[in-house]
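# Examining the three-dimensional arrangement
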Amino acid sequence: VELQFPKDKKQISGQVLFYRPSTNKLHVRLPIMVDCENVMDIFVRELQYGKWTVQVDWKADNTSYLNRFTIDIPLAIDEDVLTVL
């Protein structure tokens, strides 16, 4: 999964939660770490296939944000990174 944060934001911090609605034992929390383009790549090969809710709880320039979206991880992944726009 590729998370693209606004390029004009500075000092981005927070966490990403991969929430599996069917099994809470599979939840994964990751700290937000962006590159110089404010992009975070998350490798999903280790996640079980199926429906996931992704919650991005982040802060930049002293303002807090919360984004949620759903992704479906296919049984077979051709690429290491799925892009979310």
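### Looking at the confidence of the model for the protein chain
- Per-chain confidence: the protein chain averages 87 in pLDDT, with 88% of residues scoring 70 or above.
- Between the elements of the protein chain, mean pLDDT differs from a low of 93, seen in strand β1 (residues 2–4), to a high of 96, seen in strand β2 (residues 13–19).

### Comments concerning the sheet that holds β2
- In spatial order, the strands read β3-β2-β5-β6; together these four strands make up an open sheet with antiparallel pairing. The outermost strands of the open sheet, each flanked by one partner alone, are β3 (28–31) and β6 (63–73). With direction set aside, neighbouring strand axes in the sheet form an average angle of 15 degrees.
- Inspection of the sheet shows β2 paired to β3 by four bridges, in the antiparallel sense. Across the sheet, Q15 pairs through a bridge with P31, a residue of β3.

### What about unusual backbone geometry?
- One non-glycine residue with positive phi stands out, namely Q11, at about 50 degrees.
- Secondary-structure assignment places Q11 in the loop between β1 and β2.
- If you check the backbone angles, N62 has positive phi at about 65 degrees while not being a glycine.
- Within the fold, N62 resides in the loop between β5 (50–60) and β6.
- For N62, a relative accessible area of 72% translates into the label exposed.

Reading the values: rules and limits
- Residues numbered from 1 in each chain as written.
- Predicted model: local features only at pLDDT ≥ 70, side-chain atom pairs only at ≥ 80, totals over all residues.
- Heavy atoms only, no water.
- pLDDT = per-residue confidence, 0-100.
- Helix = DSSP H or I, 4+ residues; strand = E, 2+ residues; numbered from the N terminus.
- Pairing = 2+ DSSP bridges.
- Axes fitted to C-alpha atoms, helices over the stretch in contact; angles between N-to-C directions.
- Buried < 20%, exposed > 50% of the residue type's maximum accessible area, 1.4 Å probe, protein only.

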